[in-house]
Amino acid sequence: MTTDTSTRMPALYIGHGAPPLLDDVLWSSQLAAWAGDLPRPKAILIVSAHWESAPLSLTASGAPLVYDFGGFAPKYYQMTYETPDATAFARQVAAMMPRTEPIHQHSSRGLDHGAWVPLKIMYPQADIPVLQMSMPTHDPGRLMEIGRRLKPLRDEGVLIIGSGFLTHGLPFLTSWELDAAAPGWSSDFDAWAGEAMARGDVDELASYRDKAPGMPYAHPTVEHYTPLFVTLGAASDPTEPGDQVIDGFWMGLSKRSLQVS
């Protein structure tokens, strides 16, 4: 890939829901419209909540999808998302990491549902190379440094995505209806995060364990929140407020999603 600043892409933090998102008219339309407003990516690099692995690892091109979910309709386990070869792209990404961040090129792992579910909606033609990177840590500073290392890819037309869910307190949900009211812990965390994003307050966002209302119910485990810091690290200026493109709730969980320049 060659540098061309006219194709500079933003970086995104998105909520990826669950496989039934594919049948949700509202949220699907929001994601599709968002993708339609973006320049067409030359490639996509995505970090999903559903691949926590150290050392930092990269998916294998052409590998089958990972159906890392249970209890859903059989059709979701038969879905495919076959994208162009990303082997050369993977080598480029690996070369961008410092020696202190070793890279494992996985030989058989494909995209998990935190990657392929939203991408099937945003880029349904599956005609863009996609590479998934694992999340080797939940430390905000280290994840932001990974994002900073990846930032030059944006000038080459690469769309960088952190994929999670701004609230993810599944054990504490009392209703599984898609339009269920947001529990207090979910709405409080969502409002806090939205206000911090609007200020570009990275320190506040990074201090979520101590400062965020609704913890630990909003995130009994934090893997759906921390991809945000890869996105912020890839921003031109992480302290510059981004655009909160999607908000609202799904099953009472926050859909709030962010685009940074």
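Structural data are supplied above this passage.
Residues numbered from 1 in each chain as written. Predicted model: local features only at pLDDT ≥ 70, side-chain atom pairs only at ≥ 80, totals over all residues. Heavy atoms only, no water.

## A look at the overall build of the protein
And then number 1: Within the protein, the regular secondary structure consists of eight helices and ten strands.
And then number 2: For the protein, the C-alpha radius of gyration of 17 Å lies close to 18 Å, the compact-globule estimate for 261 residues.
And then number 3: When the backbone C-alpha atoms are referred to their principal axes, the protein occupies close to 45 × 45 × 35 Å.
And then number 4: The proportion of buried residues among the 261 residues of the protein is 55%.
And then number 5: Taking the intrachain contacts of the protein between residues at least 6 apart in sequence as the baseline, contacts between residues at least 24 apart amount to 82%.
And then number 6: Summed over its atoms, the accessible surface of the protein is roughly 10700 Å², and 51% of this surface lies on carbon and sulfur atoms.
And then number 7: Of the charged side chains in the protein, 18 are positive and 29 negative, and the gap between their average positions amounts to 7 Å. (Helix = DSSP H or I, 4+ residues; strand = E, 2+ residues; numbered from the N terminus. Rg over C-alpha atoms; globule rule 2.2 N^0.38 Å. Buried < 20%, exposed > 50% of the residue type's maximum accessible area, 1.4 Å probe, protein only. Contact = heavy atoms within 4.5 Å. Areas by Shrake-Rupley, 256 points an atom, 1.4 Å probe, with all protein chains shown as cover. Lys, Arg positive; Asp, Glu negative; His and termini not counted. Charge placed at Lys NZ, Arg CZ, Asp CG, Glu CD.)

## Description of the packing of aromatic side chains
And then number 1: This model, assessed by the stated rule, comprises 16 aromatic pairs.
And then number 2: On the basis of an interplanar angle of 75° and a centroid distance of 6.0 Å, the ring pair of tyrosine 67 and tryptophan 116 is categorised as edge-to-face. With a gap of 49 residues between them, tyrosine 67 in the loop between strand S3 (56-58) and helix H2 (87-96) and tryptophan 116 in helix H3 (residues 113-122) connect regions that are remote in the sequence.
And then number 3: Take tyrosine 67: its relative accessible area is 29%, and that puts it in the partly exposed class.
And then number 4: Using a relative accessible area of 0% as the deciding quantity, one classes tryptophan 116 as buried.
And then number 5: For the pair phenylalanine 72 and tyrosine 76, a centre-to-centre distance of 6.4 Å together with 90° between the ring planes defines the contact as edge-to-face.
And then number 6: These aromatic residues form a ring-pair network of at least three members: Tyr67, Phe69, Phe72, Tyr76, Tyr77 and Trp116.
And then number 7: Sitting over the face of the ring of tryptophan 51, arginine 109 holds its NZ or CZ atom 4.2 Å from the ring centroid. (Phe/Tyr/Trp six-rings, centres within 6.5 Å; stacked < 30°, edge-to-face > 60°. Lys NZ or Arg CZ within 6 Å of the ring centre and 35° of its normal.)

## What about the pattern of salt bridges?
And then number 1: All chains considered together, the criterion is met by ten salt bridges.
And then number 2: The closest approach of N and O atoms between aspartate 112 and arginine 109, which form a salt bridge, is 3.4 Å. Both residues of the pair, aspartate 112 and arginine 109, belong to the buried class.
And then number 3: For the salt bridge of aspartate 201 with arginine 199, the shortest nitrogen-to-oxygen distance reads 3.3 Å.
And then number 4: Overlapping salt bridges bring together Glu145, Arg148 and Arg149 as one network. (Salt bridge = Lys/Arg side-chain N within 4 Å of Asp/Glu carboxyl O.)

## Brief notes about the side chain of glutamine 132
And then number 1: Structurally, the position occupied by glutamine 132 is in strand S5 (residues 130-135).
And then number 2: The exposure class of glutamine 132 is buried, given its relative accessible area of 0%.
And then number 3: For glutamine 132, the side chain forms a polar contact with the side chain of aspartate 112, separated by 2.6 Å.
And then number 4: Beyond its immediate chain neighbours, meaning those up to four positions away, glutamine 132 contacts Ile46, Ser48, Trp51, Ser57, Leu58, Thr59, Arg109, Gly110, Leu111, Asp112 and Ala115. (Polar contact = N/O pair within 3.5 Å; in protein donor to acceptor, adjacent residues only side chain to side chain.)

## Description of the pairing of S5
And then number 1: Of all six residues in S5, six are buried; the element is thus mostly enclosed.
And then number 2: Where strand S2 (residues 43-52) lies against S5, five bridges are found, and the strand directions are parallel. From the neighbouring strand, valine 47 faces S5, where its bridge partner is methionine 133. (Pairing = 2+ DSSP bridges.)

## Some words on helix H4 (residues 140-150)
And then number 1: Within H4, the full set of buried residues consists of Pro140, Leu143, Met144, Ile146, Gly147 and Leu150. The buried residues of H4 occupy an angular sector of 155° when projected down its axis, which confines them to one face. (Arc of directions from axis to C-beta.)

## Focus on H3
And then number 1: A large share of H3 lies buried, amounting to nine of its ten residues.
And then number 2: Along H3, the residues classified as buried are His113, Gly114, Ala115, Trp116, Val117, Pro118, Leu119, Ile121 and Met122.
And then number 3: Where H3 is buried, its residues touch strand S1 (11-15), helix H1 (25-37), S2, S5 and strand S6 (158-164).
And then number 4: Two or three places before glycine 114, at the opening of H3, aspartate 112 has a side-chain oxygen 2.9 Å from that residue's backbone nitrogen.

## A look at unusual backbone geometry
And then number 1: In this chain, alanine 54 is followed by proline 55 through a cis amide linkage whose omega measures 5°.
And then number 2: Unusually for a residue other than glycine, alanine 126 sits at a positive phi of about 55°.
And then number 3: As for its position among the elements, alanine 126 is in the loop between H3 and S5.
And then number 4: Classification of alanine 126 as buried rests on a relative accessible area of 13%.

## Here's the deal with the side chain of serine 254
And then number 1: Structurally, the position occupied by serine 254 is in strand S9 (residues 253-254).
And then number 2: When its relative accessible area of 0% is taken as the criterion, serine 254 is described as buried.
And then number 3: At 2.6 Å, the side chain of serine 254 forms a polar contact with the side chain of aspartate 190.
And then number 4: Ignoring any residue separated from it by four or fewer positions in sequence, one finds serine 254 in contact with Phe165, Leu166, Thr167, Ser186, Asp190, Gly248 and Phe249.

It is worth stressing that arrangement in space is one thing and function is another; only the former is reported here.
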